[in-house]
Amino acid sequence: MPEPLLFEMTEPGRRGFSLPGLDVPEKPAGDLIPAASLRSAPADLPELSEPEVMRHFIRLSLLNHHVDKGFYPLGSCTMKYNPKVNENTAKFSGFSQVHPLQDPEGISGILMLMGDLARSLCEISGMDAVTLQPAAGAHGEMTGIKIIRAYHERNGNPRTKIILPDSAHGTNPASAAISGYRTVQIRSNAEGLVDLEDLKKNLDEQVACLMLTNPNTLGLFESRICEISRMVHEAGALLYMDGANLNALLGIVRPGEIGFDVLHFNLHKTFSSPHGGGGPGSGPVGVRSFLRDFLPVPILVEDHSRWRFEWNLEHSIGKLQGFYGNVGVMVRAYTYIRMLGEKGLKQVSRDAILNANYLMRKLEGTFDLPHAQHHMHEFVLSGDRQKKWGIKTLDMAKRLLDFGFHAPTVYFPLIVHEAMMIEPTETESLETLDAFADVMKRIAMEAEQEPDILKQAPLTTPVSRLDEASAARDMDVCYRKRD
Ligand SMILES: *Cc1c(COP(=O)(O)O)cnc(C)c1O
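A brief look at the structure comes next. Remember, it's a predicted structure, so these values are computed and weren't measured experimentally.

## A closer look at the overall build of the protein chain
Within the protein chain one finds 15 helices and 12 strands. In terms of overall size, the protein chain behaves like a compact globule, its C-alpha atoms giving a radius of gyration of 26 Å where 483 residues would be expected to give roughly 23 Å. Counting only C-alpha atoms, the protein chain reaches 80 × 70 × 45 Å along its principal axes. A buried classification covers 48% of the 483 residues belonging to the protein chain. Long-range contacts, defined as pairs at least 24 residues apart, comprise 69% of the intrachain contacts of the protein chain with a sequence gap of at least 6. Total accessible area on the protein chain stands at roughly 24,100 Å², and carbon and sulfur atoms take up 54% of it. Side-chain charges in the protein chain split into 50 positive and 61 negative, and the spacing between the mean points of these groups amounts to 1 Å.

## Describing the state of the cysteines
Simply put, the disulfide is a covalent bond whose two ends are the sulfur atoms of two cysteines. As enumerated under the stated definition, the model contains 0 disulfides in all. Sulfur of Cys-122: no disulfide; nearest cysteine sulfur belongs to Cys-209 and is 20 Å away.

## Quick notes on the packing of aromatic side chains
Applying the stated criterion across every chain, the model contains 8 aromatic pairs. Taken together, a centroid distance of 4.1 Å and an interplanar angle of 25° make the contact between Phe-309 and Tyr-324 stacked. With a gap of 15 residues between them, Phe-309 in strand β9 (residues 306-310) and Tyr-324 in the loop between β9 and α11 (327-363) connect regions that are remote in the sequence. Per residue, the accessibility class of Phe-309 equals that of Tyr-324, and both read buried. What links up through ring pairs into an aromatic cluster is the set Phe-71, Phe-405 and Phe-436.

About the cut-offs
Residues numbered from 1 in each chain as written. Predicted model: local features only at pLDDT ≥ 70, side-chain atom pairs only at ≥ 80, totals over all residues. Heavy atoms only, no water. Helix = DSSP H or I, 4+ residues; strand = E, 2+ residues; numbered from the N terminus. Rg over C-alpha atoms; globule rule 2.2 N^0.38 Å. Buried < 20%, exposed > 50% of the residue type's maximum accessible area, 1.4 Å probe, protein only. Contact = heavy atoms within 4.5 Å. Areas by Shrake-Rupley, 256 points an atom, 1.4 Å probe, with all protein chains shown as cover. Lys, Arg positive; Asp, Glu negative; His and termini not counted. Charge placed at Lys NZ, Arg CZ, Asp CG, Glu CD. Disulfide = S-S within 2.5 Å. Phe/Tyr/Trp six-rings, centres within 6.5 Å; stacked < 30°, edge-to-face > 60°.

Right, dumping it as structure tokens:
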């Protein structure tokens with residue numbers, strides 16, 4: 001590691017703080033804390049000045065790539081720039097200092113924010129009711145499937161199967177399986193959309209729902225969605241939408257109006273909360289009115305313009321999450337939605353779509369583009385053409401880091417060979433898109449002329465290629481003091 005630990009930088013006697021002198025009589029510590037709980041020697045903490053600590057953390061932050069540092073076109077993840085005003089509101093003491101165990105009577109402000117956020121999400125999605133409890137997209141999927149199961153159970157049979165397209169995100173089959181369903185995979189057709197014949201063959205009275213991402217993970221809108229919805233509902237099944245790609249639809253399409261019964265949002269993707277590295281997310285779930293009574297408790301209700309929690313819900317699937325969900329993410333998403341308003345949100349999606357198609361057209365001559373039609377907010381290239389020089393998509397992705405760009409999502413969706421899934425988002429300028437396209441073309445040229453560089457890349461990062469398998473299997477997180 002090029003950066004030492006704070007413990008290695010310690011300088012005895014150095015301080016990063018100064019406190020005023022004691023202005024009350026000093027009491028021996030033993031009077032306040034039982035002797036058995038007192039330490040006998042001071043804690044061995046690093047001793048450093050404030051600028052040393054500051055610079056240490058800034059240097060650490062620069063070892064990694066992040067969206068405040070540069071372009072981050074990680075498909076499916078919507079790594080848009082997160083406006084800092086969101087952080088300001090999330091820090092307001094009225095939001096950040098409330099305690100989850102506080103009497104709801106005393107926190108009407110945050111309840112109103114949550115109620116209003118849920119309403120906005122209904123308006124955006126065309127759903128009738130929203131729970132804010134789930135902590136991430138995958139958690140939202142599980143919530144949605146539990147609601148679907150409870151609904152079918154009430155009708156006498158929970159059913160046994162969930163249908164998914166072969167382009168589905170891995171969390172979809174995982175959520176189905178963890179909720180006790182068998183997953184049935186259906187094919188995509190040559191256009192990259194649901195194969196209706198294959199869907200028809202697999203629809204029977206044991207299907208609980210069809211789970212779709214729309215636009216799908218190729219960045220393509222399922223244009224026959226109304227027909228799909230009719231087929232699914234005729235079989236007595238429900239239609240679930242993975243809403244991770246909602247950044248393409250804001251103000252343009254309301255999923256509730258094209259046949260979806262249940263949908264999860266990823267507030268941390270579409271609505272601009274920082275994400276990645278396992279930090280807090282939020283995966284609200286919206287449902288049509290006939291499923292409202294199955295939502296997890298408590299739900300938020302408005303009573304004479306005051307919001308309160310309602311625990312009494314006839315068919316509720318129960319409680320799903322500690323307290324009321326990740327409230328800090330909700331404040332950020334609420335700020336974002338209110339700052340942009342209806343017109344602004346629509347512009348977000350229009351610009352996201354424009355940026356993706358612009359970049360796609362700039363790159364289609366250099367890389368294979370298996371689905372060449374107009375896309376929504378992301379597109380998938382293939383590295384197949386570069387294979388004849390012995391270069392894999394992974395090599396090209398690693399090389400991007402040398403030019404200050406994060407790599408796209410690679411090898412997903414699984415139905416495209418050597419996939420590179422690129423989602424520029426609306427927050428990038430024309431100059432950034434052009435610079436990225438130039439670098440991608442240069443890398444394609446290197447693949448042909450200097451493939452060895454690509455095989456060794458990245459050459460300029462603090463660490464080069466890591467062995468991903470042993471990094472996960474033989475984790476070594478122990479600190480050993482250097483001499
Ligand atoms: C990100 C994503 C998910 C899962 O969401 P998390 O918030 O990461 O749990 C599900 N489906 C798609 C298509 C996604 O992009």
